[in-house]
Amino acid sequence: MTITETSPSRIIDFEDLSFTSGAHLLLKRVLRELPVGGRLGVRAVAQDFAVHLRGWCRAQGHKYLDGDDQIVAWIVRGSATDGRWRQTERAGWSDAREKDSVRTAPPANWGFAARGAAVEAGGPAFHYSLQMKDQVWAEIAPKLYAQAVTSQWNPQTAINWEASFVLDEDVEQAVVQVMTYLIENENAALQVPARFIAQIHPHFREILQLLAIQIADEARHVEVFTRRAALRGRELGLSTVSGQQSLKTLLDEPDFALSSFMLSVLGEGTFLNLLWFLEQHAPDPLTREIVRLVVQDEARHVAFGVGHLQYQLATDAALRDRLALAITRRHEALSQTAGLNEEVFDALILLAAGSWQPKDLAAGYTRVQTLKNEMHAGRKARLEKLGFNEAEAAELSGLHTRNFM
Ligand SMILES: [Fe+2]
Ligand SMILES: [Fe+2]
């Protein structure tokens, strides 16, 4: 193939390349480089080349002119872009940092298309209940996703499962009870966001990615707590009705904003304090190591919850009342339940005491009271980040489930 530059026209020699073996590819490429109205002379020896070329030009919107004994034909480039690209719409821009790259209301027919793709018109409509940017977006999401990817840890290698330590039987039993409780809460934290992933328009790519990795985080948390519980061959502890009732209200909440408010901002937020407490007071190095890794993941989950609610509240102040109502409703629904599993509460005291000495037990009890105060202060601070005033934040935090999650 040779292309001869004879301004303002060009000539291309297809030699024996035919339309049944890819001539159209080369033709498109050369025409893209010509201005609209530019002329392209075509030389070719393949059979019926002119017939195919004429049909192709008609379909693609280019003008076909008969040639002579040297040139099969002249093509005058039309104004339409080629074929399917003619009726497409650019689905935003791939990089979320570019202005207007993430649209506020991406059309239903963009569906699974990559953000930034040229989407052909006439595609099927995808009906997502979370299709508006305000419903899901957080400015911090791309950064949190990048952080999450680099902070993934392998339960097998990140933790020294061979660490040697000796624990009193009762203290080991307390650890197993706390692990049993944590696993139950991790199961909820895994399934609640999973309910929403398929309801979010894929245009909000970073949100899907972030929730997917959050779910993978919870899967690891279930694994490491399960392995710690089983470490010394003991049976797992007690799972209570009230604990399950509290967690089920999270799974039953169909609204994404309310769900992530209760799960991530209040529940996982409260868990940050619990995990910090365990990082400090767990009686063995293995448990402390596990908790240290888990709490880093949880901090991201909380940050996304706060971030996306702040984003939504910026355009929908009425959401604040709905958030408050959700806490009140949940409090009423759980008012007849027993709250935190007594076994868990006692286990936390024993862990923090470290022994059965009366003065140590008293100190353990005080530490658990301090933990509850810190949980309350943490919730208040996050509620204030969402625009509640101090008194409202204190009142709403006080209504949060006694099960912590
Ligand atoms: Fe978790
Ligand atoms: Fe979490």
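Residues numbered from 1 in each chain as written. Chains lettered and ligands numbered in written order. Predicted model: local features only at pLDDT ≥ 70, side-chain atom pairs only at ≥ 80, totals over all residues. Heavy atoms only, no water.

S.K.: So what's going on with the layout of surface pockets? Residues and values would help.
M.R.: To find leftover empty space, one rolls a probe the size of a water molecule over the atoms. For the largest pocket, the calculated volume is near 240 Å³. Taken together, 16 residues make up the lining of the largest pocket; nearest its centre are Ala96, Arg97, Trp137, Glu139 and Pro142. For the lining of the largest pocket, the elements supplying multiple residues, two or more each, are α4 (141–150) and α7 (205–230). The leading source of residues in the lining of the largest pocket is α7, at 3 residues. (1 Å grid on protein atoms, 1.4 Å probe; cavity = no way out; pocket = protein on both sides within 12 Å on 5 of 7 lines; lining within 4 Å. Points joined across faces, edges and corners; volume = space filled by probe spheres on them. Helix = DSSP H or I, 4+ residues; strand = E, 2+ residues; numbered from the N terminus.)

S.K.: Give me the lowdown on empty space enclosed by the protein, citing residues and values where you can.
M.R.: Counted under the stated rule, the structure contains 2 cavities of 30 Å³ or more. Space inside the largest cavity adds up to approximately 70 Å³. Around the largest cavity, the lining residues are Val192, Pro193, Phe196, Leu211, Gln214, Phe256, Ser259, Ser260, Leu263, Ser264 and Phe304. Elements supplying a minimum of two residues to the lining of the largest cavity: α6 (169–197), α7 and α9 (256–281). Element by element, the count of residues in the lining of the largest cavity is highest for α9, at 5 residues. Considering only residue class, the lining of the largest cavity consists of 7 nonpolar, 4 polar and no charged. (Nonpolar A, V, L, I, M, F, W, Y, C, P; charged D, E, K, R; others polar.)

S.K.: Mind laying out the nonpolar core, listing which residues take part and the relevant values?
M.R.: Core analysis: the largest hydrophobic core is formed by 88 residues, its most contacted members being Phe261 and Leu274. Per element, the largest residue contribution to this core is 14 residues, and it comes from α9. Once you skip the residues sitting within four places of it in the chain, Leu274 turns out to touch Tyr181, Leu182, Leu348, Leu371, Met375 and Phe404. (Core = buried A, V, L, I, M, F, W, Y, C linked by side-chain atoms within 4.5 Å. Buried < 20%, exposed > 50% of the residue type's maximum accessible area, 1.4 Å probe, protein only. Contact = heavy atoms within 4.5 Å.)

S.K.: I'd love a proper account of the coordination of the iron ion (ligand 2), names of residues and values included.
M.R.: Each protein donor to the iron ion (ligand 2) is listed here as Glu218 (OE), Glu268 (OE), Glu298 (OE) and His301 (ND1); together their distances run 1.9 to 2.2 Å. With 4 donor atoms in place around the iron ion (ligand 2) and angles of 93 to 153 degrees between them, the coordination shape is irregular. Along the chain, the residues that donate to the iron ion (ligand 2) are spaced as E-x49-E-x29-E-x2-H. In this structure the iron ion (ligand 1) is found 3.5 Å away from the iron ion (ligand 2), and Glu218 serves as a bridging donor for the pair. Remark: His301 and Glu298 occur in helix α10 (residues 285–315); sequence separation between them is 3 residues, near one turn of the helix. Using a relative accessible area of 3% as the deciding quantity, one classes Glu298 as buried. (Donors = N, O, S within 2.8 Å, 3.2 Å for Na, K, Ca; no water. Tetrahedral: all angles 85-135°; square planar, octahedral: opposite > 155°, others 65-115°.)

The values are spatial; any link to function lies outside them.
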